[in-house]
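Each chain, written out:
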Amino acid sequence: MRDDLLQRRSEGLYCPAGDFFIDPRWPVERAVVTHAHGDHARIGNAGYHVAAAGAALMRQRLGEDAVIETHDYGAAFVLGDVRVSMHPSGHMLGAAQIRMEHDGRVVVVSGDYKREADPTCEPFEPVPCDVFVTESTFGWPVYRWPPMDDVIADLLAWWDDCARRGVPALLFCYALGKAQRLLAELALRCPDRVAHLHGALLQPVQHYRDAGITLLPTAPLEEKVGGGAMAGELVMAPPSAANSPWMRRFVTASTAFASGWMQVRGNRRRRGFDRGFVVSDHADWPGLLRSVADSGASRIYVTHGDGDVLTRHLRELGHDAMALDALGEA
Amino acid sequence: MRRFAALYAQLDRTASTLAKREAIATYLHDAPPADAAWAVYVLGGGKLRRLATTTEMRTAAQQATGFADWLIDASYQHVGDLAEAVALLLPPGDASLADTPLHVWMDDWLPALGKLDPPARLTQLQAWWQALSVEQTFLLNKLLTGALRVGVSRRLVVQALAQWSQLPTDLVAHRLSGDWQPHAAALATLAEPPTDDEHLSDRPYPFFLASPLEQAVETLGERAEWLAEWKWDGIRAQLMRRGGEARLWSRGEERLDGRFPELESAAAALPFDGVLDGEILAWNAAGHLPRAFTALQKRIGKLKPGAKLLADTPVRFMAYDLLEHDGEDLRQQPLHARRERLADLLREVSPALMLSPALPATDWPALADEREQSRARQTEGLMLKKLDSPYRVGRKRGDWWKWKVEPYTLDAVLIYAQLGHGRRAGLYTDYTFGVWDRGHLVPVAKAYSGLDDAEIATLDQWIRSHTLERFGPVRSVEQVHVFELAYEAIQRSSRHKSGVAVRFPRILRWRTDLAIRDADKLDDLRRLAMD
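Residues numbered from 1 in each chain as written. Chains lettered and ligands numbered in written order. Predicted model: local features only at pLDDT ≥ 70, side-chain atom pairs only at ≥ 80, totals over all residues.

Q: Explain the sheet that holds strand E2 (residues 12–15) of chain A to me, please; I cannot follow it from the model alone.
A: Within a sheet, each strand pairs with its neighbour through backbone hydrogen bonds, oriented either parallel or antiparallel. All names here are of chain A. Here we have six strands laid out as an open sheet, ordered E1-E2-E3-E4-E5-E6, and mixed in their pairing. Looking at which strands have only one partner, the edges of the open sheet turn out to be strand E1 (7–9) and strand E6 (68–71). This sheet shows a mean twist of 30° between the axes of neighbouring strands, independent of strand direction. The strands touched by helix H1 (residues 55–62) are strand E5 (47–51) and E6; relative to E6, the strand with the most contacts, the crossing angle is about 165°. (Pairing = 2+ DSSP bridges. Helix = DSSP H or I, 4+ residues; strand = E, 2+ residues; numbered from the N terminus. Axes fitted to C-alpha atoms, helices over the stretch in contact; angles between N-to-C directions. Contact = placed C-beta atoms within 7 Å.)

Following this line, the structure appears as structure tokens:
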């Protein structure tokens, strides 16, 4: 199947008419990057196009020498024969959907997205199109995100309980995006409290503050500080720290993980955390269906892991949906 | 339901045994006694009679959500637990029934559900779902379909009851044994001061359980301080005779009445009252040997065995301990005294009641030699019991050891994988292994355990990227990986395609050093099964 706006190549998703790649896996001439997470923004490309809102995060990841062109949300620019624009995806600060227009035909690649409100970034913008490429990280109907108010109330109750028991409240979450979203939500509810941060969270938190986003006051966790000094305190760390020597000082801590996967009890128990808070920066099942409907697209491509379930369900709803893999490799 | 759901959440949220015990004890203190009695029952592993089938639950969920059957099934496979998958799929309820006490559900509402005809049952189930929160719906579904599985052992429930009642755990364990019924009055009885004759109530004694011997046998000290017996491979049971009436209790504390009439009549004919601890074995009278466990299985399932089955597969009770004699609780007496009395009492009784013989070997090396005969004797190895020890409650290390023989092993190739359940939900952890038969690998064993978390993760990733075909939840995979499996016994079987049945297979290690041509051959396994 030929498509002048969309091809799969070994380097990643390719737009022939514009001669650029979206979130390429391997170095290419021209990359349009949806957001600053490591599996999307990779170093080594000759040139980058990114959303202006995420410029500082991209610079941090891609290095001082990277050639980066930034674009305001909604502002069109031309690559080859294609009119390109970037639109908020609601995934994290600076995250974008990529809209491509050529010969009156519009393709939108969603990147990662969510439909819930997030104080750290612009909300998802539905972009009408002919072809919509959607992620499907949580492509099962068991994923339906609880209201953030409920989650934060649970989280605060857990923190208070830790304080009563005199143990640290050790919260694991992704260092970029999730951590700042939680800190922003907490700042709305208990602005006088302080969170202590693992080293990996410090720089991303500073970038968000620099972007003018209000976060809970934070303090870096001292290198040598023992778990005892953190009794009753909230400590935030990336999941990778959970199995590292860094954990040794926190043997008494109550541990929690903030992730959409915590919706399922088996995941929670297998990971061995005491608590799981269901917070995701990806779309839940209703969010996926709603976004497909909002796009008005006549063709849907589903990316990400095990998209079979979503694809089949969309087909039964009458959409012309298929796995992105079905696009074939050029 | 609200209070019990909160307790469940507390238990689910901690791995600490201490915290769990505290949570249960607090619940027992605060909850209405009728609710607390049910909590004790279900947390201790008790189940209701099945009131709705899993198919009915799926159908009700399908109707309530409008999702296609396949989507419900895909969600179940992804979550690994039907009760949970259904709770997550349904639109959240309004929690208007959240304050209905647990005992009303358990005593009245759920049993009534079982009496409805199927369409009305689905309607009722859906009405409840609309009136419960996600967590409460999950619990309701769990109570309807089986055990709770929240990492609470029977022992932990006993400890929490002991903390709540301020009574010794052994006493509480005994009071809870047998078919304890979850009512407020029964809960109150658990906390009453002990009396001298309460052991004579209609309850089995809590079983004393042996631990596996992992250290060198010489570290146990003098051979003369220990009783050595065969480790019988049958059903552990207490044979009780009181006032001339016989009763048989399994180790799961279920009554086996009617299943083994020859044992009941032999017990009824005894010239004394008492409680014997021992093993039910299918017996080969000509060979003076037990028969394989599979022979006994024919008897276990039969509530009222016919004359032919009784004649073809007779059973015997191999007694190894005497817990009570003519109304006297002997459990605190040393084992050698209990044994002597048991031997005396069994001197001239029905041959269906036998005394488990003491092995004569006088030193450890000689005993180790004897242990080599275990398989030929149709036993699993040896039991070592300290001669001066009392009969304890539960699994207490130190006085009773099981010294099993090494398992059999075979090398087999991974050919199918299936998603796991519970803690392994979403991971390919249920494996089928094959051995060679005329150039093909034929399935011979399924195994779920034996790999560590890192190996499981590696294998899961590999399976996803090396799938050949999918059959619903099962994937066939490229034939590459060889595993060494341990198993306890192998028998001929017409029910298995391979012609052999492998008992209790589990993974010993991942044999990355072997190629698939090194896997075992079915012919060799068949030959083993013939012996």
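On we go from here.
Q: Help me understand the packing of helix H1 (residues 2–12) of chain B against helix H9 (residues 134–145) of chain B in this model?
A: Packed helix pairs are characterised by how far apart their axes lie and by the angle those axes make with each other. All names here are of chain B. Between H1 and H9, whose axes approach to 10 Å, the crossing angle comes to 90°. Between H1 and H9, the crossing angle belongs to the class labelled roughly perpendicular. Where H1 approaches H9, its residues Ala5, Tyr8 and Ala9 are matched on the opposing element by Glu135, Gln136 and Leu139. Class assignment of the residues belonging to the contact of H1 with H9 gives a composition of four nonpolar, one polar and one charged. (Parallel < 35°, antiparallel > 145°, perpendicular 65-115°, else oblique. Nonpolar A, V, L, I, M, F, W, Y, C, P; charged D, E, K, R; others polar.)

Q: For this particular structure, what's the right way to read the domain arrangement of chain B?
A: A common way to report how large an interface is uses the accessible area buried once the components associate. Segmentation of chain B into domains returns domain 1 (2–145), domain 2 (211–404) and domain 3 (408–528). The C-alpha-based centres of domain 1 of chain B and domain 2 of chain B are spaced at 40 Å. (Domains from an automatic or database assignment.)

Q: Looking at this structure, I do not really get the pairing of strand E11 (residues 379–386) of chain B. What am I missing?
A: Regular strands place side chains that alternate from one sheet face to the opposite one. Residue and element names in this part refer to chain B. For E11, the buried fraction is high: six of the eight residues fall into the buried class. In terms of strand pairing, strand E3 (residues 226–232) meets E11 through six bridges, oriented antiparallel. Each bridged residue has a counterpart across the sheet, and for Trp230 the counterpart in E11 is Leu382. As judged from the five bridges shared by E11 and strand E13 (residues 400–404), these two strands associate in the antiparallel manner. Bridge assignment links Lys385 to a residue of E13, and that residue is Trp400. (Buried ≥ 20, exposed ≤ 12 C-beta atoms within 10 Å, placed from the backbone.)

Q: In this structure, what is going on with the nonpolar core? I would like to understand it.
A: Here is a general trend for soluble globular proteins: nonpolar side chains tend to be buried in one another's company. In terms of nonpolar packing, the biggest core is built from 207 residues, with Leu171 and Met236 of chain A together with Ala39 and Leu161 of chain B touching the most fellow members. For this core, the leading source of residues is helix H3 (residues 33–43) of chain B, giving eight residues. Counting only domains with at least three residues in this core, you end up with domain 1 (2–145) and domain 2 (211–404) of chain B. The residues touching Leu161 of chain B, leaving out its near neighbours within four places in the chain, are Leu28, Val40, Val172 and Leu190 of chain B. Counting residues in each nonpolar core, the second largest holds 31 residues, with Val413, Leu427, Tyr428 and Val500 of chain B among its members. (Core = buried A, V, L, I, M, F, W, Y, C linked by C-beta atoms within 7 Å.)

Q: Any chance you could explain the interface of chain A and chain B here in plain terms?
A: Tallying the contact residues gives 15 residues for chain A and 20 residues for chain B. Among the elements of the structure, helix H5 (265–271) and helix H7 (308–316) of chain A are those that each provide at least two residues to the side of chain A that touches chain B. In terms of residue count, H5 of chain A provides more of the side of chain A that touches chain B than any other element does, five residues in total.

Q: What is the right way to read the environment of Glu122 of chain A from this model?
A: Residue and element names in this part refer to chain A. Topologically, Glu122 is positioned in the loop between strand E10 (105–109) and strand E11 (131–134). Glu122 gets classed as partly exposed once you count the C-beta atoms within 10 Å, which come to 17. Here the alpha-carbon distance between Glu122 and Pro88, two residues 34 residues apart in the chain, equals 5.9 Å. With sequence-adjacent residues up to four places away left out, Glu122 is seen in contact with Ala53, Tyr73 and Pro88.

Q: Which parts of the structure should I look at to understand the packing of H3 of chain B against helix H7 (residues 102–115) of chain B?
A: Residues and elements named next belong to chain B. Relative to each other, H3 and H7 sit at 70°, their axes nearing to 7 Å. When the interaxial angle is binned, H3 and H7 end up roughly perpendicular. Between H3, through Ala34, Asp35, Trp38 and Ala39, and H7, the contact on the second element is made entirely by Leu102, His103 and Met106. The class makeup of the residues in the contact of H3 with H7 is five nonpolar, one polar and one charged.

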